[in-house]
Amino acid sequence: MTPAQQSLKAAEICALAPIVPVLVIEDVSRAEGLARALVAGGLPALEVTLRTPAALEAIQIMADVEGGVVGAGTLLTPADVKAAKKAGARFGVSPGATDSLLKACEDEGLPLLPGAVTATEVMGLLEKGYTVQKFFPAETSGGAAAIRALGGPIPQVRFCPTGGISMKNVGDYLKLKNILCCGGSWVAPADAVMSGDWARIEALAREAAALPRA
Ligand code: 3PG
């Protein structure tokens, strides 16, 4: 899968909803209920971070939830890419980008949102054909103002920013033309996931799904 094909697919996934929940799943028994609540609330694209031992099994379970499009986040190595694809991930997200990670996604046919923040990083990925990128860590890298500024010289790259985004500041991001969607963990608070408070998570998802985009 070429970088251009990956970016096309990534744009389709970003178009599904204004927010992609970023999920850290400690207990695999919560995976199905969590995915159902988020999808029911209007957030079909879900990023399960590979940061816990439960993550790959959670992806497997969530991949079967109707209406969901489950991806793997925190991809750092080619082995992560292979494992994510095997578990049923339909897209990948990485905090940055290395040549070996990009090659693994091309070889495995996994659409990737590769991470970048500086003009040089964004240009490096664009040169390879990636026109849809993750902007991470968003708030500490200049936030919405930095993405707006990158859109001046590099308008052909569009972003999914994540890191430090919440209902308080998400509006600043979503009003920008070069932002397709935002990622964030606030729609799945750890205490609500642990206690299985799916009504609360569905309500948070519904609120996020209704956010206007540029
Ligand atoms: C992450 O890497 O955890 C994501 O960027 C989400 O960040 P957040 O928890 O600040 O939303």
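Anything mentioned here points back to the structure above.
Anyway, here's the lowdown on the structure attached to this text.

Definitions and limits used
Residues numbered from 1 in each chain as written. Predicted model: local features only at pLDDT ≥ 70, side-chain atom pairs only at ≥ 80, totals over all residues. Heavy atoms only, no water. Helix = DSSP H or I, 4+ residues; strand = E, 2+ residues; numbered from the N terminus. Rg over C-alpha atoms; globule rule 2.2 N^0.38 Å. Buried < 20%, exposed > 50% of the residue type's maximum accessible area, 1.4 Å probe, protein only. Contact = heavy atoms within 4.5 Å. Areas by Shrake-Rupley, 256 points an atom, 1.4 Å probe, with all protein chains shown as cover. Lys, Arg positive; Asp, Glu negative; His and termini not counted. Charge placed at Lys NZ, Arg CZ, Asp CG, Glu CD. Pairing = 2+ DSSP bridges. Near = heavy atom within 4 Å. Polar contact = N/O pair within 3.5 Å; in protein donor to acceptor, adjacent residues only side chain to side chain. Nonpolar A, V, L, I, M, F, W, Y, C, P; charged D, E, K, R; others polar. Right-handed = clockwise from strand over helix to strand, strands pointing away. Salt bridge = Lys/Arg side-chain N within 4 Å of Asp/Glu carboxyl O. Core = buried A, V, L, I, M, F, W, Y, C linked by side-chain atoms within 4.5 Å.

### Some words on the overall build of the chain
- For the chain, the helix and strand inventory stands at ten helices and nine strands.
- The C-alpha atoms of the chain give 16 Å as radius of gyration, which agrees with the globular expectation for 214 residues (17 Å, within 12%).
- Across its three principal directions, the C-alpha atoms of the chain cover 45 × 35 × 25 Å.
- Per-residue burial over the chain gives 50% buried out of 214 residues.
- Once local pairs closer than 6 in sequence are excluded, the contacts in the chain between residues at least 24 apart make up 60%.
- Accessible surface, the chain as shown: approximately 9,100 Å² in total, 56% of it carbon and sulfur.
- Distance between charge centroids for the chain: 5 Å, based on 19 positive and 21 negative side chains.

### Re the sheet that holds strand S8 (residues 158-161)
- The parallel open sheet is built from three strands, whose spatial order is S6-S7-S8. Each of the sheet's edge strands pairs with one partner strand only, and the pair in question is strand S6 (115-116) and S8.

### Comments concerning the site of the ligand
- The full set of residues close to the ligand is Val22, Arg51, Phe136, Thr162, Gly163, Gly164, Gly184 and Ser185.
- At 2.7 Å, a side-chain N or O of Arg51 approaches an oxygen atom of the ligand.
- With the chains in place, 79% of the 310 Å² that the ligand exposes on its own is no longer accessible.
- Its residues placed into classes, the shell around the ligand shows two nonpolar, five polar and one charged.

### Regarding the side chain of Gln6
- Summarising the element assignment, Gln6 is placed in helix H1 (residues 3-15).
- Contact partners of Gln6, with chain neighbours within four places excluded, come to Met1, Cys105, Glu106, Leu110, Pro111, Leu112 and Tyr130.

### Quick look at the pairing of strand S3 (residues 69-73)
- Most of S3 sits out of view: five of its five residues are buried.
- Neither face of S3 is exposed, since Val69, Gly71 and Gly73 on one face and Val70 and Ala72 on the opposite face are all buried.
- With five bridges joining them, strand S2 (residues 45-49) and S3 adopt parallel strand pairing. Each bridged residue has a counterpart across the sheet, and for Leu46 the counterpart in S3 is Val70.
- Of the crossover connections in this fold, the one passing from S2 over helix H3 (residues 55-62) to the parallel S3 is right-handed.

### Description of the pattern of salt bridges
- In the structure shown here, the tally under the stated rule is six salt bridges.
- Asp107 serves as the salt-bridge partner of Lys103, at 2.6 Å between the closest nitrogen and oxygen. Of this pair, Lys103 and Asp107 both sit in helix H5 (residues 99-108), four residues apart, which is roughly one turn of that helix.
- Looking at Asp107, the relative accessible area reads 55%, which means it is exposed.

### Some words on unusual backbone geometry
- Residues Phe136 and Pro137 are joined by a peptide bond in cis, for which omega reads -5 degrees.
- In this fold, Pro137 is placed in the loop between strand S7 (132-135) and helix H7 (143-150).
- One non-glycine residue, Thr74, lies in the positive phi region at around 60 degrees.
- Position of Thr74 among the secondary structure elements: in the loop between S3 and helix H4 (78-87).

### Concerning the nonpolar core
- Ile19, Leu23, Leu34, Leu38, Val48, Met62 and Leu75 are the most contacted members of the largest nonpolar core, which totals 60 residues.
- Top contributing element to this core by residue count: helix H2 (residues 31-40), with six residues.
- Those residues in contact with Leu23, other than ones at most four positions away along the chain, are Leu34, Leu38, Leu46, Glu47, Val48, Thr49, Met62 and Ala188.
- Counting 14 residues, the second largest nonpolar core, distinct from the first, contains Phe91, Val93, Leu113 and Cys181.

### Some words on the environment of Tyr173
- By secondary structure assignment, the location of Tyr173 is in helix H8 (residues 170-174).
- Its relative accessible area of 0% is what places Tyr173 among the buried residues.
- At 2.5 Å, the side chain of Tyr173 and the side chain of Glu139 are in polar contact.

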